[in-house]
Amino acid sequence: MRRRALLLLVPLATAAPPAAAHSELRRSVPAAGAVLDRSPERIELHFTERVRLTALRLHRVGGDEIALPRRTIREATSETIDLPPLAPGDYRAEWRIISADGHPVGGVIPFRVEPRRP
Ligand SMILES: [Cu+2]
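Residues numbered from 1 in each chain as written. Predicted model: local features only at pLDDT ≥ 70, side-chain atom pairs only at ≥ 80, totals over all residues.

1. Examining the overall build of the chain
The helix and strand inventory of the chain stands at 1 helix and 7 strands. In sequence order, the secondary structure elements of the chain are arranged as α-β-β-β-β-β-β-β. By the burial criterion, 11% of the 118 residues in the chain qualify as buried. Within the chain, contacts between residues separated by at least 24 positions form 63% of all contacts whose residues are at least 6 apart in sequence. (Helix = DSSP H or I, 4+ residues; strand = E, 2+ residues; numbered from the N terminus. Buried ≥ 20, exposed ≤ 12 C-beta atoms within 10 Å, placed from the backbone. Contact = placed C-beta atoms within 7 Å.)

Written out as structure tokens, the structure reads:
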């Protein structure tokens, strides 16, 4: 949908390649903005194309970086990263990939761990 709209604009655009050429994050688990009633066991990232996930960093907002397991960088459309137990709070997962077109792309997934009160 969005790609078609951008392609129609290309003849009017300058020589810069269209942004639609980058691979994109199709969805994640947790989703951006998710409020979870328990610590997530893993983060799943699903991309629109085969990419290389070059970095994933998880921070607690106002706190420390959470150590994540080491991974081998490979080319894939999806990555799953196991998480240690997370204390209640707000988190930001920052990801970086090398897009299928060779360009670096990145983004942030904010989510909250907020256990229900008994
Ligand atoms: Cu690109």
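And the narrative resumes.
2. Some remarks on unusual backbone geometry
In this structure, the amide linkage connecting Val29 to the following residue, Pro30, adopts the cis form with an omega of 0°. Within the element layout of this structure, Pro30 appears in the loop between strand E1 (25-29) and strand E2 (34-36).

3. Re the nonpolar core
Core analysis: the largest hydrophobic core is formed by 12 residues, namely Ile43, Leu45, Phe47, Val51, Leu58, Tyr91, Ala93, Trp95, Ile97, Ile109, Phe111 and Val113. Going through the elements one at a time, strand E3 (42-60), strand E6 (89-98) and strand E7 (104-113) are the ones with two or more residues in this core. Discounting residues that sit within four places of it in the chain, Tyr91 has contacts with Leu58, His59, Arg60, Val61, Leu86, Phe111 and Val113. (Core = buried A, V, L, I, M, F, W, Y, C linked by C-beta atoms within 7 Å.)

4. Topic: the confidence of the model for the chain
Of all residues in the chain, 83% attain a pLDDT of 70 or more, and the chain-wide mean is 88. For the stretch residues 6-14, pLDDT sits under 50, and the model shows 5 contacts to residues farther than four places along the chain or on other chains. (pLDDT = per-residue confidence, 0-100.)

5. Details of the environment of Gly89
Along the chain, Gly89 turns up in strand E6. For the pair formed by Gly89 and Gly62, sequence separation is 27 residues and the distance between their alpha carbons is 9.3 Å. Aside from chain neighbours lying at most four places away, what touches Gly89 is Arg60, Val61, Gly63 and Val113.

6. Details of the environment of Ile73
By the secondary structure assignment, Ile73 is in the loop between strand E4 (65-66) and strand E5 (75-82). In sequence terms Ile73 and Ala55 are 18 residues apart; their C-alpha atoms lie 8.8 Å from each other. Ile73 has contacts with Arg52, Leu53 and Thr54, leaving out every residue within four places of it along the chain.

7. Quick look at the pairing of E7
Note: E2 against E7, 3 bridges, orientation parallel. Considered in E7, the bridge of Val35 is made with Arg112. In terms of strand pairing, E6 meets E7 through 10 bridges, oriented antiparallel. From the neighbouring strand, Glu94 faces E7, where its bridge partner is Val108. From the end of E6 to the start of E7, which pair antiparallel, there are 5 residues, and Gly102 there has a positive phi angle of about 90°. (Pairing = 2+ DSSP bridges.)

8. Some thoughts on the environment of Leu56
Inspection of the secondary structure assignment puts Leu56 in strand E3. The spatial distance from the C-alpha of Leu56 to the C-alpha of Glu94 is 5.6 Å, given a sequence separation of 38 residues. Contact partners of Leu56, with chain neighbours within four places excluded, come to Leu68, Ile81, Ala93 and Trp95.

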